[in-house]
Amino acid sequence: MFLSGFLGRFGPLAPISSARAATHLIAIALVFLPAAGRAADYAGPLFDAHLHYNQEAWNGHSGPHPVEDVLARMQRNGVRAIVSNSRPNDGTHLLASSPQTRQAGVTVVPFIRLYRNRADYDNWFRDESIFEMVQSEFTKGTANGPFKGIGEFHLYDSANANGPVAKKLMAFAEDKRLVVLAHVDDVAIDLLMAHTASRGQKMRLIWAHTGIGGAPADRVDQLLAKYPPLMGELSYRPGLTCADAKGAERLCPEWRALLLKYPSRFLIGSDTWVNQRWQYYDSLMQGYRSWLGDLPPEVAKAVGWSNGARLFDLPLGGP
Ligand SMILES: [Zn+2]
């Protein structure tokens with residue numbers, strides 16, 4: 001794209017004299033220095049740490065996105081591992097147990113979703129039957145191995161982090177070494193961590209969207225410093241990317257600084273919460289590859305792949 005834009009703008013260089021050509025090239029280099037100095041898009045493996053395979057995508061019988069379809073989307077985007085969760089959990093069982101998944105070379109890290117239906121979104125933190133369901137799923141596991149986490153769950157009012165089932169689930173997760181994927185605000189991070197025996201020092205919590213409400217970068221910094229195992233997943237994160245002079249998405253300066261300060265603490269995710277997100281899966285992943293290319297290669301690899309791999313004992317170098 002860069003080369004064709006370049007030729008389209010300046011035309012062929014051959015007819016001009018060598019001295020003029022040299023001057024011309026220097027001028028061109030100066031014009032394009034910021035773009036030319038930028039590394040290429042990140043081209044390594046991706047770990048999609050926030051993926052839903054909900055009933056409306058495919059329930060084993062119908063839906064626009066059967067297993068072969070979603071696997072093809074992952075494959076053509078270099079997504080080699082996913083955190084999968086679904087409403088209800090059948091979608092994750094289906095994805096985790098399908099022979100096609102193994103053939104596609106995609107590792108499924110299964111999480112237990114707390115929601116059997118939409119009504120559970122607003123009530124899970126006090127519904128004892130959900131705690132029982134989580135324990136039952138944990139005991140059963142999937143046909144391809146044990147569950148590795150709980151979530152994604154939502155708290156639209158952070159005070160509900162103190163609900164009786166929320167408290168029990170956090171203690172249960174830490175005790176069983178389960179990772180938690182939580183869509184909550186910064187206040188709820190503190191409340192949830194307080195319910196664990198380690199008071200958040202051992203609780204491996206992935207903060208979905210790293211605060212979809214846009215907690216300031218310095219508040220995110222403070223929480224990452226306070227809870228060493230806390231990870232931030234970056235889908236839908238307000239303020240993460242800024243358009244550059246040419247309209248391309250780049251990391252905004254304060255987020256670039258935060259990712260460089262905590263290279264081992266961030267993850268990317270698709271958040272396929274509605275079918276439309278599956279339709280845009282290619283562009284979502286391309287968007288990540290583009291801004292990951294703004295980072296030093298080792299940081300891009302960490303955020304794109306190895307931070308997720310480390311969390312779930314997958315090969316750090318890639319699959
Ligand atoms: Zn989600």
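Computed from a prediction, not measured in an experiment: that's the story for all the values here.

Draft legend 1. Up close: the coordination of the zinc ion. At this site the zinc ion is bound by His50 (NE2), His52 (NE2), Glu152 (OE) and Asp271 (OD), with donor distances of 2.0 to 2.2 Å. Angles of 86 to 171 degrees at the metal separate the 4 donor atoms of the zinc ion, which places the site in the irregular class. Between the donor residues of the zinc ion, the gaps in sequence give the motif H-x1-H-x99-E-x118-D. With His50 in strand E1 (residues 46–52) and Asp271 in the loop between strand E10 (266–267) and helix H11 (275–279), this residue pair connects regions lying 221 residues apart in the sequence.

Draft legend 2. Quick look at the packing of aromatic side chains. Scanning all chains against the criterion turns up 12 aromatic pairs. Ring centres of Phe111 and Phe312 lie 5.9 Å apart, and the angle between their planes is 65 degrees; on these two criteria the pair is classed as edge-to-face. Taken as a pair, Phe111 in strand E3 (residues 107–112) and Phe312 in the segment after helix H13 (297–311) lie far apart in primary sequence, 201 residues in all. Judged by its relative accessible area of 0%, Phe111 falls in the buried class. Assessed through its relative accessible area of 7%, Phe312 is described here as buried. Taking 5.6 Å as the distance between ring centres and 85 degrees as the angle between the ring planes, the aromatic pair formed by Phe138 and Phe172 counts as edge-to-face. A residue pair is termed long-range when its members are at least 10 positions apart, and Phe138 in helix H6 (residues 128–140) and Phe172 in helix H7 (residues 164–175) qualify at 34 residues. Classification of Phe138 by relative accessible area gives partly exposed; the value is 23%.

Calculation rules
- Residues numbered from 1 in each chain as written.
- Predicted model: local features only at pLDDT ≥ 70, side-chain atom pairs only at ≥ 80, totals over all residues.
- Heavy atoms only, no water.
- Donors = N, O, S within 2.8 Å, 3.2 Å for Na, K, Ca; no water.
- Tetrahedral: all angles 85-135°; square planar, octahedral: opposite > 155°, others 65-115°.
- Helix = DSSP H or I, 4+ residues; strand = E, 2+ residues; numbered from the N terminus.
- Phe/Tyr/Trp six-rings, centres within 6.5 Å; stacked < 30°, edge-to-face > 60°.
- Buried < 20%, exposed > 50% of the residue type's maximum accessible area, 1.4 Å probe, protein only.

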